[in-house]
Amino acid sequence: AQKITQTQPGMFVQEKEAVTLDCTYDTSDPSYGLFWYKQPSSGEMIFLIYQGSYDQQNATEGRYSLNFQKARKSANLVISASQLGDSAMYFCAMRSPNTGNQFYFGTGTSLTVIP
Amino acid sequence: GAGVSQSPRYKVAKRGQDVALRCDPISGHVSLFWYQQALGQGPEFLTYFQNEAQLDKSGLPSDRFFAERPEGSVSTLKIQRTQQEDSAVYLCASSLRTENEKLFFGSGTQLSVL
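Just so it is clear, the model here is predicted, and its values are computed rather than measured. (Residues numbered from 1 in each chain as written. Chains lettered and ligands numbered in written order. Predicted model: local features only at pLDDT ≥ 70, side-chain atom pairs only at ≥ 80, totals over all residues. Heavy atoms only, no water.)

Visitor: Sorry if this is basic, but what is going on with the state of the cysteines here?
Guide: Two cysteines joined by a covalent bond between their sulfur atoms form a disulfide. Residue and element names in this part refer to chain A. Counting across every chain of the model gives two disulfides over all chains. Two residues share a disulfide in this structure: Cys 23 and Cys 92, whose sulfurs sit 2.0 Å from each other. In this structure the cystine formed by Cys 23 and Cys 92 twists about its S-S bond by roughly -65 degrees; its chirality is therefore left-handed. A residue pair is termed long-range when its members are at least 10 positions apart, and Cys 23 in the loop between strand 3 (19-21) and strand 4 (24-26) and Cys 92 in strand 10 (residues 88-95) qualify at 69 residues. By the burial criterion, Cys 23 is buried, and Cys 92 matches it. (Disulfide = S-S within 2.5 Å. Helix = DSSP H or I, 4+ residues; strand = E, 2+ residues; numbered from the N terminus. Buried < 20%, exposed > 50% of the residue type's maximum accessible area, 1.4 Å probe, protein only.)

Visitor: Would you mind showing me how to read unusual backbone geometry here?
Guide: Residues apart from glycine generally show negative phi values, whereas peptide bonds are mostly found in trans. Residue and element names in this part refer to chain B. The peptide bond linking Ser 7 to Pro 8 adopts the cis configuration, its omega dihedral lying at -10 degrees. Assignment of secondary structure puts Pro 8 in the loop between strand 1 (5-7) and strand 2 (10-13). Phi at Asn 51 takes a positive value of approximately 55 degrees, unusual for a residue other than glycine. As for its position among the elements, Asn 51 is in the loop between strand 5 (44-50) and strand 6 (53-56). Taking the relative accessible area as the measure of exposure, Asn 51 reaches 32% and is therefore partly exposed.

Visitor: Would you mind showing me how to read the side chain of B:Arg64 here?
Guide: Residue and element names in this part refer to chain B. Of note, Arg 64 is situated in the loop between strand 6 and strand 7 (65-68). At 2.8 Å, the side chain of Arg 64 and the side chain of Asp 86 are in polar contact. When residues no more than four places from it in sequence are discounted, the contact partners of Arg 64 are Lys 78, Ile 79, Gln 80, Arg 81, Thr 82, Gln 83 and Asp 86. (Polar contact = N/O pair within 3.5 Å; in protein donor to acceptor, adjacent residues only side chain to side chain. Contact = heavy atoms within 4.5 Å.)

Next comes the structure, spelled out in structure tokens:
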């Protein structure tokens, strides 16, 4: 069975600083995709970044980067130069074709950026 | 349309009432998912369609929940005889293909059962 673990219910970061949100996953499938989504208080789920299990390099998208450590089954999100608008819930998720392409989410981390 | 559209945005139902939630995915998207999100929690999988075929409904909490996508585009999630524990945000998401690919989410329907 797939499992996503986010151990940080809440995080605080000073504006303009970097922050790392942790995510570990558990799967026996060789092919899978890892995703991070942002959910502000308005409720919509916003895609941030994707990492494929066979990708050799860590994914980056603007201020977002994914610290992918395959052997440790870890896919931490790094947000650089935090902005007040980054305050939101952040969800790590995984998808695998070998399990019917279900999309599994973690329990989320609430990030608050302090001015 | 430009994105995934869900309606209604808010729904208040009396306990025991039937409700129907609509999802209009991005045109051409093959995969469609329904999720239930309780307050302060992550989205919980309900069911998954590939075109019109419902490939996985293992997340539906009871036989009061029913979903369909008869023509492989618009989907409806129906909840019969609603109960207070059904109160949640119901999210619909779609993706172009079925492989490891991001989901596009709608804004959700917030269901409150009184």
